[in-house]
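Fold and geometry: a report
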Amino acid sequence: MQSNLVSFIQVLRTHDVRVSPAETLDAMTVATTLGYADRKLLRDGLAMTLAKTPEEEAVFLACFDRYFNQRLSDFARPEQQVDTDSDESSDAEEAAGDSYADQSPADGDNSPLTTAAADNAEIASLLNSDLMQSLVNNDRNALTMAIGSAAETVGLRQIQMFTQKGQYTRKILDAMGEEQLRSAVIALEREDNPALVELQRYRDILREEVRNYVEREYLLHAEGKTRQFMDDILSKTRLNNIEHTYLHKVHELVRKMARKLASRHSRKRRQVKRGQLNMAKTMRRGIANDGVMFDTYWRQTRKEKPQILAVCDVSGSVAAYAKFLLLFLYSLQDVLPKVRSFAFSSHLGEVSSYFDDYPVEKAIELVNWKYGGATDYGSSLQDFARLALDDINSNTTVIILGDARNNNGDPKLEIMQGIYQRARQVLWLNPESRKVWGSGDSEMLRYLSACHFSAECNNLKQLERIVDQLLKSTR
Amino acid sequence: MQIDDFPQLASVQQIEQGFESFGYICSTKIATAVFLAFQLRKPILVEGPPGVGKTELAKTTAELLDLPLIRLQCYEGLDEAKALYEWKYGKQLLYTQVLKEKLGDLLKGAKGLAESVERLHQFGDIFYSEDFLEPRPLLKAMQQERGAILLIDEIDKSDYEFESLLLEILSDYQISIPEIGTIKARTSPMVFLTSNNTRDISDALKRRCLHLYIPFPTVELEERIVLSRVPDVDALLRHQLVQFVHSLRQLDLKKSPAISETIDWARSLLLLHSGQLDEELVRSTLNVLLKFEDDIEAADAELRALLNQN
């Protein structure tokens, strides 16, 4: 049972529940204290030591049921069999064919199979094999154990991708000696023997069982791995290349990254101004000590939370990136409470209110719809200056996301410079590769002179790094 | 703490029954957490929406075990002087003043500075000893002879740094005081930490605790809670009011009514001598359940539909 618990914890880890070795030890102690008899009690107890958040607890409960169900049902089944012996045993068999329900596989004395075995030595030896015995006698316990040990030999736990399911099913079947059964079926087919149907049924039951087993193990061991693999790929793909079907996954991923960043940067900002004594407080505290001022208190200033203005180009070429930047920024509400966002293509407008009124995805859709079009940086910058230049101060970070392709219009660099001088920092994120900055109608190189920092930003990894940096620099 | 010291905690069922006798109706999960916390000597981190009985759990455990409850309310800026210990500066000052004269006698006959210092050394650190230590809640909990229930309330309100301060106490039940050394708990206290989840607690702290999430209770459980807290409410009204509160929780509210609000509401309905819920009554007492004007308006609009559900 202990090794079972350890492998269960392994499963939890692949499902993104972080469990440290110390917690594993705790889980062991919990299991010993509570005993294995009451399953619900054990589950609650383990949940308390292993899961740290309500979300993790949900994952834990799902995994626990999936993992321990199959094992414990091994022991439940024989009883069930005793109860239902008269009305013909377990569910898989019913699924295999109702027409055979009236045939009792246990007392197969008069079945065609025994008759066939009488004339055919091969079939006789097959019938005597452990595998066939457990199938014929409906000994699900032995069968499950056989599947389990076969799975162990072929290393099913190493399963990584869902495409491997078929391959592993085959391997397990081979390891269990299904080949003999298969060849017997072929032989009977050739002879057109009446025993064929029954033998086929056993074969199908076996295959079904193994398939189910592999499926369960896959869900336990590999689903997490597949997801991690997928997340990894997605975070490195150019955002506008991601296929539509994966978008919701990307959203999840962005939220996950945002949570990570938020917890990293959520510490309170406070700064002690050295050299300025808080006289009032020092004296007040001194009263308790006969007016002797033991403790000195220094004036503190609380640093203002940063203000962030995000200006996003939502014209066709860059819209996908703007979407994810906004998604990121708005997922960081906890650490970046003052985000104002602006969208532009030919003209610019503030879109913050959309994000207040609608969920992020919906808001982004509305923004794209309202402001999409051909790009004009000049007039958009003019609009921006009119709307927000007065609010830019030494506490403001301006993030501009765009490819700086201005369709050969007037770039209005002087406005950018105005922003540059007032703001604490100006970041320009460009989804284009650095090599093509300045080529064709790109004004990027000219705008660069009015930016504190510029970066290429076209996949989630880069985006995460930039936002991380942003959080660090705005502290 | 040994098992035989507290037969009340010998099994999960016993804890459940014990709590019930003190009017705290809890789910098996909660009882399991208390049982494990006692067996493994681990603190419990209790999370959940406000008003589901997180603080009450600690209080009831203290009553059940007949141990003192020592409570530390966390807030922004809480530091070790208020949570752990402080030196009694006044007393130290006074003593130095008084003992000044004694010094003369003591050093009488000493030849030269070296010998005087030598003599002074014989007295050790009188002023930095436990006599001059003012224990604050955490240290106090360590000093209890029979053990104590330590409730660290709303840990999420405290600063990040304060969490690190707790780590030593929570894992080893000891406190290090630079001037004295390490003080170990006489009997390790049972620790409850509560959090409203206004911010994430650090992993290091979480790792040291059992994690208990108390959600809003099921209808049956809540009815039993109301029964035990406000026994005079008759069965029909009790059922109706719990049902109504449950349907309120389905709405998108700023703050959903918790158990404490349900109990308050049951009490107020009792005072109004009402036998069953009707629209007028609910409308006039809605402010007991909901604490935000927006919420009350939202619920008001849905009132008829909600009442018809029951």
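Please read all numbers here as calculations on a predicted model, not as lab measurements. (Residues numbered from 1 in each chain as written. Chains lettered and ligands numbered in written order. Predicted model: local features only at pLDDT ≥ 70, side-chain atom pairs only at ≥ 80, totals over all residues.)

Quick word on the overall build of chain B
Helix and strand counts for chain B stand at 14 helices and nine strands. Here chain B holds 310 residues, and 34% of them are scored as buried. In chain B, of all internal contacts separated by at least 6 residues, the share reaching a separation of at least 24 is 77%. (Helix = DSSP H or I, 4+ residues; strand = E, 2+ residues; numbered from the N terminus. Buried ≥ 20, exposed ≤ 12 C-beta atoms within 10 Å, placed from the backbone. Contact = placed C-beta atoms within 7 Å.)

Things to note about the overall build of chain A
Check the secondary structure of chain A and you find 21 helices and eight strands. Counting all 475 residues of chain A, 32% fall into the buried class. Sequence separation of 24 or more characterises 71% of the internal contacts of chain A that already satisfy a separation of 6 or more.

Here we look at the confidence of the model for chain A
On average, chain A scores 76 in pLDDT, and the residues at 70 or more come to 83%. Counting contacts from residues 71-109 of chain A, a segment whose pLDDT is below 50, to residues more than four positions away or on other chains yields 34 contacts. (pLDDT = per-residue confidence, 0-100.)

Remarks on the interface of chain B and chain A
Size of an interface: often given as the accessible area lost when the parts come together. The partner chain A presents 25 residues to the 21 residues of chain B that form the contact. Put simply, the parts of the chain that give the side of chain B that touches chain A at least two residues each are helix 2 (28-40), helix 5 (89-107), helix 9 (203-207) and strand 9 (210-213) of chain B.

Description of the pairing of strand 3 (residues 307-313) of chain A
Residue and element names in this part refer to chain A. Counting buried residues along strand 3, seven of its seven residues qualify, which places the element largely inside the surrounding structure. Going residue by residue along strand 3, you find Gln-307, Leu-309, Val-311 and Asp-313 tucked away on one face and Ile-308, Ala-310 and Cys-312 tucked away on the opposite face as well. Sheet topology places strand 3 next to strand 4 (residues 338-344); seven bridges connect them, and they run parallel. Across the sheet, the residue bridging to Cys-312 is Ala-343, located in strand 4. The pairing of strand 3 with strand 6 (residues 396-401) spans six bridges and is parallel. Residue pairing in the sheet places Val-311 in a bridge with Ile-400 of strand 6. (Pairing = 2+ DSSP bridges.)

Notes on the pairing of strand 4 of chain A
Residue and element names in this part refer to chain A. Sheet topology note: the strand 4/strand 5 (residues 348-350) ladder contains three bridges and is antiparallel. Each residue of the ladder has a partner; that of Phe-344, found in strand 5, is Leu-348. With antiparallel pairing between neighbouring strands as the criterion, strand 4 and strand 5 make up a hairpin whose turn holds three residues.

Describing the sheet that holds strand 3 of chain A
Residue and element names in this part refer to chain A. Taken in spatial order, the six strands line up as 5-4-3-6-7-8 in an open sheet, and their pairing is mixed. The outermost strands of the open sheet, each flanked by one partner alone, are strand 5 and strand 8 (453-456). Geometrically, the sheet is characterised by an average inter-axis angle of 20° between neighbouring strands, direction not taken into account. In this fold helix 21 (residues 460-473) packs onto strand 6, strand 7 (425-430) and strand 8, with an angle of close to 180° to the strand it touches most, strand 7. (Axes fitted to C-alpha atoms, helices over the stretch in contact; angles between N-to-C directions.)

Concerning the sheet that holds strand 1 (residues 44-47) of chain B
Residues and elements named next belong to chain B. Across the sheet, five strands lie side by side as 2-5-8-1-9; this open sheet has parallel pairing. In this open sheet, the two strands that pair with only one neighbour each are strand 2 (69-73) and strand 9. Across this sheet, the average inter-strand angle for adjacent strands is 20°, counted without regard to direction. As judged from the four bridges shared by strand 1 and strand 8 (residues 190-195), these two strands associate in the parallel manner. Bridging across to strand 8, Glu-47 finds its partner in Ser-195. Here helix 2 sits on the sheet in contact with strand 1, strand 8 and strand 9, set at roughly 165° to strand 9.

A look at the packing of helix 2 (residues 21-34) of chain A against helix 3 (residues 39-50) of chain A
All names here are of chain A. Where helix 2 meets helix 3, the axes come as close as 9 Å, and the angle between the chain directions of the two elements is 155°. The angle between the axes of helix 2 and helix 3 places the two elements in the roughly antiparallel class. Crossing hand, helix 2 versus helix 3: right-handed. Here Glu-23, Asp-26, Ala-27, Val-30, Ala-31 and Leu-34 of helix 2 lie close against helix 3, whose contacting residues are Leu-41, Leu-42, Gly-45, Leu-46, Thr-49 and Leu-50. By residue class, the composition of the contact of helix 2 with helix 3 is eight nonpolar, two polar and two charged. (Parallel < 35°, antiparallel > 145°, perpendicular 65-115°, else oblique. Left-handed = near helix turned anticlockwise from the far one by under 90°. Nonpolar A, V, L, I, M, F, W, Y, C, P; charged D, E, K, R; others polar.)

Here's the deal with helix 2 of chain A
Residue and element names in this part refer to chain A. For helix 2, spanning 14 residues, the distance from its first C-alpha to its last is 20 Å, which sits close to the expected 20 Å at 1.5 Å a residue. Listed as buried for helix 2 are Glu-23, Asp-26, Ala-27, Val-30 and Leu-34. Take helix 2 and look down its axis: the buried residues cluster within an arc of 105°, on one side only. Of the residues in helix 2, the exposed ones pointing more than 90 degrees away from the buried face are Pro-21, Ala-22, Leu-25 and Thr-32. (Expected span 1.5 Å × (residues − 1). Arc of directions from axis to C-beta.)

Comments concerning the packing of helix 2 of chain A against helix 2 of chain B
Across the interface, helix 2 of chain A lies against helix 2 of chain B with an axial gap of 11 Å and an inter-helix angle of 110°. By the angle class used here, helix 2 of chain A and helix 2 of chain B are roughly perpendicular. Relative to helix 2 of chain B, the crossing made by helix 2 of chain A is right-handed. Contact residues: Asp-26, Thr-29, Val-30 and Thr-33 of chain A in helix 2 of chain A; Leu-36, Gln-39 and Leu-40 of chain B in helix 2 of chain B. By residue class, the composition of the contact of helix 2 of chain A with helix 2 of chain B is three nonpolar, three polar and one charged.

Looking at unusual backbone geometry
Phi is positive for Asn-407 of chain A, which is not a glycine, with a value near 50°. Its location among the elements puts Asn-407 of chain A in the loop between strand 6 and helix 19 (413-422). Here Tyr-173 of chain B, not a glycine, exhibits a phi torsion of approximately 55°, which is positive. Counting through the fold element by element, Tyr-173 of chain B comes out in the loop between helix 8 (160-172) and strand 6 (174-177). Judged by local crowding, Tyr-173 of chain B falls into the buried class, with 20 C-beta atoms found within 10 Å.

Here's the deal with helix 11 (residues 178-191) of chain A
All names here are of chain A. Compared with an ideal rise of 1.5 Å per residue, which puts 14 residues at 20 Å, helix 11 spans 20 Å between its outermost C-alpha atoms and is within 8% of the ideal. Those residues of helix 11 that fall on the buried side of the exposure criterion are Leu-181, Ala-184 and Leu-188. The buried residues of helix 11 all sit within an arc of 60° when viewed along its axis, so they share a single face. Opposite the packed face of helix 11, turned more than 90 degrees from it, sit the exposed residues Glu-179, Ser-183, Ile-186, Glu-189 and Arg-190. Phi turns positive, to about 60°, at Asp-192, one or two residues after helix 11.

Remarks on the environment of Asp-125 of chain B
Residue and element names in this part refer to chain B. Examined against the element boundaries, Asp-125 turns out to sit in the loop between helix 6 (112-121) and strand 4 (133-135). Overall, the presence of 9 C-beta atoms within 10 Å leaves Asp-125 in the exposed class. Asp-125 sits 55 residues away from Ile-180 along the chain, and the two C-alpha atoms are 8.9 Å apart.

Description of the environment of Asn-196 of chain B
Residues and elements named next belong to chain B. Mapping Asn-196 onto the fold places it in the loop between strand 8 and helix 9. Expressed as a C-alpha distance, the spacing of Asn-196 and Gly-51, which sit 145 residues apart in the sequence, is 9.8 Å. Leave out the neighbours within four places in its chain, and Asn-196 touches Pro-50, Glu-154 and Asp-156.

Some remarks on the environment of Pro-21 of chain A
Tracing the backbone shows Pro-21 of chain A in helix 2. Distance in space between the C-alpha atoms of Pro-21 of chain A and Ile-9 of chain A is 9.8 Å, their sequence separation being 12 residues.

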